[in-house]
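Examination of the molecular architecture
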Amino acid sequence: MGGMDGTEGSTGAGERFVTGADGVRLCVAEHGEAARPTVVLLHGYPDSKEVWSDVAALLADRFHVVLYDVRGHGRSGVPDPLRGGFTLEKLTEDFLAVADAVSPDRPVHLVGHDWGSVQGWEFATVPGTAGRLASFTSVSGPCLDHFGHWIRRRVRRPTPRRAAQVLGQGFKSWYVYALHTPVLPEMAWRGVLGKQWPRMLARVEKLPADSYPTASLPEDAARGAWLYRDNVRQRLGRPRPDPYAHVPVQLITPTGDAFLSERLYDDLDHWVPRLTRHTLPAKHWVPRSRPQQLARWITDFVTGVEDTGGTAAGAVAGTAPGPVVRAVAGTGAVRAGASGRLPPTALGKLLPAARERFGGQLVLVTGAASGIGKAIALAFAEAGARVVAVDRDAEGAAGTAELSLRIGAPEAWPETVDVSDGPAMEALAARTLDRYGVPDVVVNNAGIGLAGSFLDTTPEDWKQVLDVNLWGVIHGCRLYGRQLVERGEGGHIVNTASAAAFLPSRALPAYSTSKAAVLMLSECLRAELAPHGIGVSAICPGLVNTAITGSARHAGVSDKEQERRRAKSARLYRLRNYPPEKVARAVVKAVLRDTAVVPVTSEARGARLLSRLSPGALRAFARVDPPL
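Throughout what follows, the structure given in this document is the object of discussion.

About the criteria used
Throughout, a residue's number is its position along its own chain's written sequence, starting from 1. For this predicted model, a pLDDT threshold of at least 70 governs which residues receive local features, and a threshold of 80 or more governs which side-chain atom pairs are given and counted, while totals over whole chains, interfaces and linings are taken from all residues. Only hydrogens and water are set aside when side-chain values are computed; all heavy atoms of the structure are taken into account. Residue types Ala, Val, Leu, Ile, Met, Phe, Trp, Tyr and Cys, when buried and joined through side-chain atoms within 4.5 Å, form a set referred to as a nonpolar core. Residue exposure (1.4 Å probe, protein chains only): buried if accessible area is under 20% of the type maximum, exposed if over 50%, otherwise partly exposed. Helical segments are the DSSP runs of H or I of at least four residues, strand segments are the runs of E of at least two, and each set is numbered from the N terminus. We call two residues contacting when some pair of their heavy atoms lies within 4.5 Å. Each pair of aromatic rings taken from Phe, Tyr and Trp, with Trp reduced to its six-membered ring, is defined by centres within 6.5 Å and is described as stacked if the planes are under 30 degrees apart, edge-to-face if over 60, and tilted in the remaining cases. Two strands qualify as a pair provided DSSP detects at least 2 bridges between them. Salt bridge, as used here: a side-chain nitrogen of Lys or Arg that lies within 4 Å of a carboxyl oxygen of Asp or Glu. If you view a crossover with the strands going away from you and the path from the first strand over the helix to the second runs clockwise, you call it right-handed.

A word on the nonpolar core
Formed by 81 residues in total, the largest nonpolar core has its most connected members in Leu41, Tyr45, Leu59, Phe95, Trp115 and Tyr228. Per-element tally for this core: the top contributor is helix H2 (residues 88-102), with nine residues. Contact partners of tyrosine 45, with chain neighbours within four places excluded, come to His73, Asp114, Trp115, Leu179, Trp189, Asp220, Ala221, Gly224, Ala225, Leu227, Tyr228 and Trp285. Counting 42 residues, the second-largest nonpolar core is a separate cluster that includes Val465, Leu484, Leu529 and Cys540.

Shown next, in the form of structure tokens:
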């Protein structure tokens, strides 16, 4: 397939040239040690290999990372003539030439974005690459043959839903039609579009204005139009009958992609027997906007394929229940151990979507030793997330971390802290950042209950409730919110409020005030963090059957009366029998849908509605003395 020669390129990595199809010289950059598993990062249109620079730097400590400019792009050569020079068959020859040059003795793991992903699907489904490809990670780019079959199924067996899917993708594909027009795309890219594209992309994708890495953009984009002209109509009109993937595939789907519908991948299980799915709340250019998340998923997937010999892709994302575990002394990590009974699952039909979204992500939950916090931690563990279980009860936090691994988390760690202690929370945030990274989801759930009239509630009572219920949330939002903003890859914060936040009560002035403050804080923070791609949700449960009724204090009463009231409250909550697992499911759904305020139980939804429609009625109910 041709020879190679070496140079030192502007990327800082070692560069060399490999001869591909028709003698076109391909510019190849390499990072990391060649003895490690090779990961090839393939760029899309109108980019060059530099679009992967951030991801490559993150992967280089673990892998031999290879990037190359597709023919006609960057520092690679240009086919002559352009027409017919960009067919998928020739692009496959280019890939094989690069793979033979950089990893002659071992198959490579391919990651493709946009047209790099379109090419990758070709490589993963044609017989000629068998033995040279170990796995494929697809980001924002479909297989053209799968796309063709997808259209045919919906046209031949139409339903209103299928027709809407085809029309919706048809509108998203407007740029494909434009690129098929003669001359005009070349003129636009070499003119004003080429000059304005970096600014347009920065504004739409929320990237730094000077972050576009490809200096050769105008010429790359003009020539790269032939990627579409040489392939799209041919493959969509006459798709191959058997485009089955012969390697494990990881699909990463940005939910905010302006060019590709999520529905394009509905039939993918038919073509890919070993498929791992992830969704990401991001737009199209994920290698620039979410490099750390991409690097984590690539690392987990490639490592899993290497460890299993390429036979168990589905287990990589934590989709199968893990072994029972025990805490490892001195590290705070949790590892495999003895068996035991698993807790009830929370997600039900929500599980597939939750696994796609949260598999491998880092979720931190406070108040995780018991009750709602424990159920939330286990729900995210069931979805395959890595879990940090935080509580002032060290033994309870360790137990939740242990159960998290047993129920499906690939990793779980207990952390001990009192959320009301500002310096301790700062130390926790620094420690978790150093050990585990920035959490993708933070759940500020820790809270305490306090009943009693306002006049019976002492300043010390007020301070305790506000320190935990409000300041604990403020500490978590401030510290982890800043980490999320500085990381620049989005995320989500969940704050546990209560139906008491919009339900005044003569017996819960301190508790209701603290939860109302949490609700308003969440609303304010949601507005502030939205431009950074960070969602904020306030969860407002009602009567949930947890141990809080047994630990909540009643101000201004004797010990004997306090125990009587606690018992009365506990009986009512048991009769209501609303399990914390349903609250956990509501939390997961809120993050998936980026919902602002979630009243969970029927009484919480009723109180929320009444607070809007008839606040006078709520003020009348406030005169009733509730059990807590």
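Back to the text.
What to know about the packing of aromatic side chains
Enumeration according to the criterion identifies 16 aromatic pairs in this entry. With a centroid separation of 6.2 Å and 90° between ring planes, the pair formed by tyrosine 45 and tryptophan 189 is classed as edge-to-face. With tyrosine 45 in the loop between strand E4 (38-42) and helix H1 (53-59) and tryptophan 189 in helix H7 (residues 184-190), this pair connects stretches of sequence that are 144 residues apart. On the basis of relative accessible area, tryptophan 189 is assigned to the buried category, the value being 5%. Look at tyrosine 244 and tryptophan 271: their rings are 5.0 Å apart centre to centre, the planes differ by 50°, and that puts the pair in the tilted class. One end of the pair, tyrosine 244, is in the loop between helix H9 (217-237) and strand E8 (249-254); the other, tryptophan 271, is in helix H10 (residues 268-271), with 27 residues separating them in the sequence. Look at tryptophan 271 and you get buried, because its relative accessible area is 3%.

A closer look at the pairing of strand E15 (residues 441-444)
Within a regular beta strand, the side chains point alternately toward one face of the sheet and then the other, so they alternate between its two faces. Side-chain alternation along E15 places Val441 and Val443 on one buried face and Val442 and Asn444 on a second face that is also buried. Pairing analysis gives three bridges linking strand E12 (residues 362-366) to E15, with the strands arranged parallel. Of the residues in E15, the one forming a bridge with valine 365 is valine 443. For E15 and strand E17 (residues 491-496), the ladder comprises four bridges, and the chain directions are parallel. The residue bridging asparagine 444 from the neighbouring strand is asparagine 495, located in E17.

Here we look at the pattern of salt bridges
Tallying each qualifying case throughout the model produces 31 salt bridges. A salt bridge links glutamate 219 to arginine 190, with the shortest nitrogen-to-oxygen separation between them at 3.0 Å. Linking glutamate 219 in helix H9 with arginine 190 in helix H7, this pair joins segments that are 29 residues apart in sequence. On the basis of relative accessible area, glutamate 219 is assigned to the partly exposed category, the value being 33%. A salt bridge links arginine 263 to aspartate 266; the nearest nitrogen and oxygen atoms lie 2.8 Å apart. Residue class for arginine 263 comes out partly exposed when judged on its relative accessible area of 33%. Given the relative accessible area of 31%, aspartate 266 is considered partly exposed. Bridged by salt links that share partners, the residues Glu15, Lys49, Glu50, Asp69 and Arg75 form one connected network.

With respect to the pairing of E17
Among the six residues of E17, six are classified as buried, and the element is accordingly described as predominantly covered. By the alternation rule, side chains of E17 split into Gly491, Ile493 and Asn495 and His492, Val494 and Thr496, which are all buried. Strand direction decides the pairing type here: E17 and strand E18 (residues 534-540), joined by six bridges, are parallel. Looking across to E18, one finds that glycine 491 is bridged to isoleucine 534. A crossover links E17 with its parallel partner E18, the connecting element being helix H18 (residues 509-529), and its sense is right-handed.

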